[in-house]
Amino acid sequence: MASNEFQPLQGMSDIQAPEVYLWRMMEERARAVFASYGYEEVRTPVLERLSVFQRSLGDTTDVVKKEMYSFTPSKHALAMRPEGTAGTIRHLAGRGEEGLGARVFYIAPMFRYERPQAGRKRQFHQVGVEATGEPNPLADAECIALQKNLLDAWGLAGARIQVSTRGEPSDRKPVAEGLRQALQPHVAALCEDCRRRIEENVLRVIDCKNEGCARVVDRIPSPLEFMGPAARDYLERVMQALSAMGIDVVVNPKLIRGLDYYVHTVWEISHAALGAQDALAGGGRYEIALGRKAVPGVGFAIGFERAIMALNACGIDGAQFAPPGGIWLVSLGEAALVENMKLARDLRARGIRCGMELDAKSMKAQMRKADRAGAEMVVIRGDEEIAKGTAVVKNMADGTQVELALENVLRDAQAG
RNA sequence: GUGAUUGUAGCUCAGUGGUUAGAGCGCCUGGUUGUGGCCCAGGAGGUCGGGGGUUCAAGUCCCCUCAUUCACCCCA
């Protein structure tokens with residue numbers, strides 16, 4: 001069983017029924033919700049030039065530095081996408097004028113070379129949207145509303161939305177400097193990692209899980225206090241719009257998002273049932289420079305694997321979305337086998353799900369198979385029925401059966 | 001990259017260094033000349049993750065390796 005050749009690669013998995021029914025439900029409902037907001041689907045390649053990710057995510061981020069599947073087959077270094085925004089913006093930027101003011105969504109696999117753990121795969125799947133255009137707090141609020149809408153459509157309860165801001169690009173230096181100064185007197189109380197982070201990435205100190213660090217962070221000003229009035233005003237207007245729409249969010253100044261492209265609003269959606277990796281979705285406003293153009297936009301991504309863990313915790317699983325069982329044909333004898341092939345063809349041509357055993361098996365075995373397949377109805381034919389042009393139709397739920405003329409079988413099956 | 005954890009039948013798991021490695025569920029066949037689920041009987045199915053070592057003897061002990069799961073780092 002555990003022989004390697006039958007196992008998918010580390011951190012990757014085969015998704016089969018019944019779980020795949022849940023995936024399908026999520027994809028279908030996502031498309032419906034996006035359609036209602038006027039978003040169009042975009043399918044960009046899995047492979048991009050490495051530089052697309054270096055420039056948008058930032059080439060000092062961990063994702064770019066050590067988590068990408070990258071290689072250089074010929075002239076350019078390539079990478080499999082670790083997230084969806086960079087490629088989507090690469091695409092929109094190439095559309096020039098019409099790429100601004102675009103609203104698109106994607107449902108696609110992403111790849112990161114990390115050690116797998118709960119809710120973290122090397123190939124994982126995200127549904128995400130991007131709305132480009134000049135910064136507008138209402139656009140950010142609408143984006144969060146859309147995301148919440150989608151989670152509701154899936155039936156997910158208990159999700160918690162936290163919002164913060166990264167401020168304007170010009171706020172970054174003052175925030176970093178301000179935090180460094182504020183932390184300076186408390187260096188001794190910080191964990192080893194955080195002492196390093198003060199220089200490399202101060203913001204990361206803010207969301208350190210270490211208790212000692214958290215106590216220090218509680219005593220120093222939040223990043224927001226080092227930002228200019230424009231940043232705080234922007235956040236205020238996002239919050240007002242959300243509250244007007246009745247969407248429950250909390251501001252958490254300690255919320256930090258790692259990717260470089262974020263400006264202003266950032267948010268994260270977490271769920272208590274998830275464990276250590278409790279964020280199932282994230283989003284934010286960004287500014288991505290590719291070539292000479294800087295594309296402004298706002299977007300979100302939801303991780304399928306993590307959303308599924310949360311849905312399971314809500315008692316929602318794939319079995320609930322299994323397709324109807326349809327009809328099972330039982331054949332007694334060679335002649336019936338061939339006749340049923342023809343009947344199956346006719347039923348399937350009418351869009352009816354229909355199965356049958358192709359090997360000559362006992363009736364008991366065929367009935368058992370029909371039961372396992374979840375068939376709602378069984379059509380039984382032997383030499384007698386074929387001679388008469390009839391079939392015995394059995395209702396599997398209540399066990400009743402009637403003999404019908406063949407054309408009536410087809411008519412009834414189609415009716416319902 | 002770091003630290004733990006687990007690996008025995010399709011699945012969930014038993015198995016004090018000592019015969020032909022077991023159970024439950026699932027699967028197949030029969031009990032019913034043409035009737036599923038429940039019940040009964042029988043059956044198939046195992047490189048004990050892989051490789052090396054210790055031993056008269058290894059699923060069991062040691063080393064290496066691969067994989068699982070969880071956590072760190074980081075992220076959805």
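Details of the structure are given in the entry above.
Residues numbered from 1 in each chain as written. Chains lettered and ligands numbered in written order. Predicted model: local features only at pLDDT ≥ 70, side-chain atom pairs only at ≥ 80, totals over all residues. Heavy atoms only, no water.

Asks: Kindly report on helix 13 (residues 363–372), identifying the contributing residues and their values.
Replies: For helix 13, the set of buried residues is Gln366, Met367 and Ala370. The buried side chains of helix 13 occupy one side of the element, clustering within an arc of 100° when seen end-on. More than 90 degrees from the buried face of helix 13, the exposed residues found are Lys364, Asp371 and Arg372. Close packing links the buried residues of helix 13 with strand 12 (327–331), strand 14 (377–381) and strand 15 (390–395). Of the residues flanking the end of helix 13, it is glycine 374, one or two places downstream, whose phi is positive at about 75°. (Buried < 20%, exposed > 50% of the residue type's maximum accessible area, 1.4 Å probe, protein only. Helix = DSSP H or I, 4+ residues; strand = E, 2+ residues; numbered from the N terminus. Arc of directions from axis to C-beta. Contact = heavy atoms within 4.5 Å.)

Asks: Explain the sheet that holds strand 16 (residues 401–405) residue by residue, including any values.
Replies: Read across the sheet, five strands follow the order 13-12-14-15-16 without closing on themselves; strand pairing throughout is mixed. Both outer strands of the open sheet, strand 13 (354–356) and strand 16, are each paired with one neighbouring strand and no more. Going from strand to strand, the sheet's axes swing by 25° on average, the running direction of each strand aside. In terms of strand pairing, strand 15 meets strand 16 through five bridges, oriented antiparallel. Directly across from alanine 391, in strand 16, lies its bridge partner leucine 404. Its contacts with the sheet place helix 15 (residues 406–415) against strand 12, strand 14, strand 15 and strand 16, and it is angled at close to 115° to strand 16. (Pairing = 2+ DSSP bridges. Axes fitted to C-alpha atoms, helices over the stretch in contact; angles between N-to-C directions.)

Asks: Report on the sheet that holds strand 7 (residues 159–165), specifying residues and quantitative values.
Replies: An order of 1-5-6-11-10-9-7-8 is seen for the eight strands of this open sheet, with the pairing classed as mixed. The open sheet has two edge strands with one neighbour each: strand 1 (40–41) and strand 8 (250–251). With six bridges joining them, strand 9 (residues 262–271) and strand 10 (residues 279–290) adopt antiparallel strand pairing. Residue pairing across strands places tryptophan 267 opposite glycine 283, the latter belonging to strand 10.

Asks: Could you give me a rundown of the packing of helix 5 (residues 137–154) against helix 10 (residues 229–244), with the residues and numbers involved?
Replies: Here helix 5 crosses helix 10 at 45°, and the two axes come no closer than 8 Å. In terms of orientation, helix 5 and helix 10 fall into the oblique class. Considering how the two elements wind past one another, helix 5 and helix 10 form a crossing that is right-handed. On the side of helix 5, the interface is formed by Pro137, Leu138, Asp140, Ala141 and Ile144, while helix 10 contributes Tyr234, Arg237, Val238, Ala241 and Leu242. Residues of the contact of helix 5 with helix 10, tallied by class, amount to eight nonpolar, no polar and two charged. (Parallel < 35°, antiparallel > 145°, perpendicular 65-115°, else oblique. Left-handed = near helix turned anticlockwise from the far one by under 90°. Nonpolar A, V, L, I, M, F, W, Y, C, P; charged D, E, K, R; others polar.)

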